[in-house]
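This is what each chain is made of:
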Amino acid sequence: MTAPAIEIRGLAYAYPDGTSALKGVDLTIENGEAVCLAGPNGAGKSTLLNILAGLVIGKGTTLVEGLTPKANSSLGLVFQHSEDQLFCATVYEDVAFGPRNQGLRDEEIAERVQQALAATGLTGYETRGAHRLSGGEMKRAAIAAVLASAPGILALDEPWAGLDARGAAALTEVVWGFDGTRIVSSHDLYRAAEVCDRLVILDKGVVVADGPMGELLSDGDLLNKHGLEFGLRCRFCQLSR
Amino acid sequence: MIWEEREQGLDAGAKILLTMLFALAVVSTPPASLAAFAAYGGTLAWISALCGVSFRGMFFKAAAVLPFSCVAALWLPFAKGGESIEIGGILALSRPGLWIFAGVAMKSFTCAAALSLLMITTPFERLTAGLYSLRCPAIIVDMLAMTHRFLYLLADEGRALLRAARSRGYRGRWLKDALLIGRLIGSLFMRSLERAERVADAMRLRGFEGEMPGHSKRSLGVLDWCAVLAAIPALIAVRLWL
């Protein structure tokens, strides 16, 4: 029997100043699942992703594909601020950074880079500097950089934040095209519903709801109670119909 | 052009080596050998013309070092002994001191011009690859490459802070705003530190364990060694006979 992609039991984490971010999270994500982590600001979503990526260590049991998380594991994390993830002189160098650290040969690295750039629609951007990319392109380049390491699990922290409609749609396509397990932390339930089948709501460091996306999205009271919303509500919605 | 072509021409390592040899010849030249300095200047002007580099741009870049080098040597005409030159009957300057001062200015300017030419004609990533091909310790080259990258991040953070301050009426009047400038610098330091930590996290996530991957395995080729070996007698000839 293969281990689930993610297995978390009684996970707790407190910041160095003593503030509790997670207070006993239990969560299992099976291989191939597409899960949205939603919740209000400060719910602990980013902290949970950082623990899964091995960047910080929490108390309790956390297993990623049956192993204790470590920084270069099979989970690829895309940061909310993708400019922090692009630190090389060119897009090619950034995308090749992970495969190079895996000790691959130059031909394999080039192949991985081309595949990752093609998957994110960035073919032809190889020689561009990261600082010259738009917000959407930068986000896709960060995903390409993660995909090039061939992760089994793709985790994205607020992937649609700050993107225009076109950029967000392009990003949705990229996330949708990923074959493995997907974990998306987002407030944007409209976009998340396109790529995730399961919704996990975190609030004040605990899991308050966990179920099929369609079922939980129809519970307006639950969403409102935890600072979320799903459904058109604007002054001009009648006009646009 | 051999100096400029990136694929067919000299390896960046050879260019670094040539620049170092050139600088060594310049700093060992006595200040009175004006013909040698003219030859050095002529060589730089010739290479910059062949590469299509603006000589004026290179001149101004190199001139930026003069205030620092000249200030450091400014005391020499006053403190150095030997034959003195009277200026207007009130100021006595040492002739050997003046020569040394002129030598410092000429040497620093010529070396800075050579470095400018190297920097203008060679992208930074090729320079680091060149240092690898010269078997420079990887830790030093990696630190250099990261410093170069972090300078841009630092500049980004600085611009963001300045924009925020200007949007609230800051005009950069030094004395009046000294306190604010101090706070901005402190804030820049903290933000840069936090950003550097996030970049380091991103590197760790992609398998970085202290050594930058993809070090150039290229060594200097026949053309590179020929250029270096040809430059050595030429520089010795200029140094000894001009």
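Residues numbered from 1 in each chain as written. Chains lettered and ligands numbered in written order. Predicted model: local features only at pLDDT ≥ 70, side-chain atom pairs only at ≥ 80, totals over all residues. Heavy atoms only, no water.

### Remarks on the nonpolar core
Of all hydrophobic cores here, the largest spans 47 residues; its most connected members are A:Cys36, A:Val95, A:Leu189 and A:Leu199. If you tally residues by element for this core, the top one is helix 4 (residues 135-147) of chain A, at seven residues. In this view, A:Cys36 contacts A:Val184, A:Ser186, A:Leu189, A:Ala192, A:Cys196, A:Arg198, A:Leu199, A:Val200 and A:Met213; residues no more than four positions away in its chain are not counted. Core analysis: the next-biggest nonpolar cluster, separate from the first, contains 37 residues, A:Tyr13, A:Leu48, B:Leu153 and B:Met203 among them. (Core = buried A, V, L, I, M, F, W, Y, C linked by side-chain atoms within 4.5 Å. Buried < 20%, exposed > 50% of the residue type's maximum accessible area, 1.4 Å probe, protein only. Helix = DSSP H or I, 4+ residues; strand = E, 2+ residues; numbered from the N terminus. Contact = heavy atoms within 4.5 Å.)

### Notes on the sheet that holds strand 5 (residues 75-78) of chain A
Consider a sheet: its strands pair through backbone hydrogen bonds, and that pairing is either parallel or antiparallel. All names here are of chain A. Strand order across the open sheet formed by six strands is 5-6-7-3-8-9, with mixed pairing between neighbours. Edge positions in the sheet fall to strand 5 and strand 9 (206-212), since each of these pairs with one other strand and no more. Strand-to-strand twist across the sheet, computed as the mean angle between neighbouring axes with direction ignored, equals 15°. Relative to strand 8 (residues 198-203), strand 3 (residues 34-38) is paired through four bridges, and the arrangement is parallel. (Pairing = 2+ DSSP bridges. Axes fitted to C-alpha atoms, helices over the stretch in contact; angles between N-to-C directions.)

### A look at the sheet that holds strand 2 (residues 20-29) of chain A
All names here are of chain A. The antiparallel open sheet is built from three strands, whose spatial order is 2-1-4. In this open sheet, the two strands that pair with only one neighbour each are strand 2 and strand 4 (59-64). Strand after strand, the sheet turns through a mean of 20° between neighbouring axes, direction not considered. Of the strand pairs in this sheet, strand 1 (residues 6-14) and strand 4 are connected by five bridges, and their pairing is antiparallel. The residue bridging isoleucine 6 from the neighbouring strand is valine 64, located in strand 4. Across the face of the sheet, helix 1 (residues 45-53) comes into contact with strand 1, strand 2 and strand 4 while running at roughly 120° to strand 1.

### Things to note about the environment of A:Val207
Within the secondary structure layout, A:Val207 lies in strand 9. In this structure the C-alpha to C-alpha distance between A:Val207 and A:Gly24, which are 183 residues apart in sequence, comes to 8.5 Å.

### Re unusual backbone geometry
Positioned with a positive phi, A:Lys204 is a non-glycine residue whose angle comes to about 50°. Along the polypeptide, A:Lys204 turns up in the loop between strand 8 and strand 9. Overall, A:Lys204 belongs to the exposed group, its relative accessible area being 63%. One non-glycine residue, B:Arg135, lies in the positive phi region at around 65°. Counting through the fold element by element, B:Arg135 comes out in the loop between helix 7 (124-133) and helix 8 (138-166). We classify B:Arg135 as exposed; its relative accessible area is 54%.

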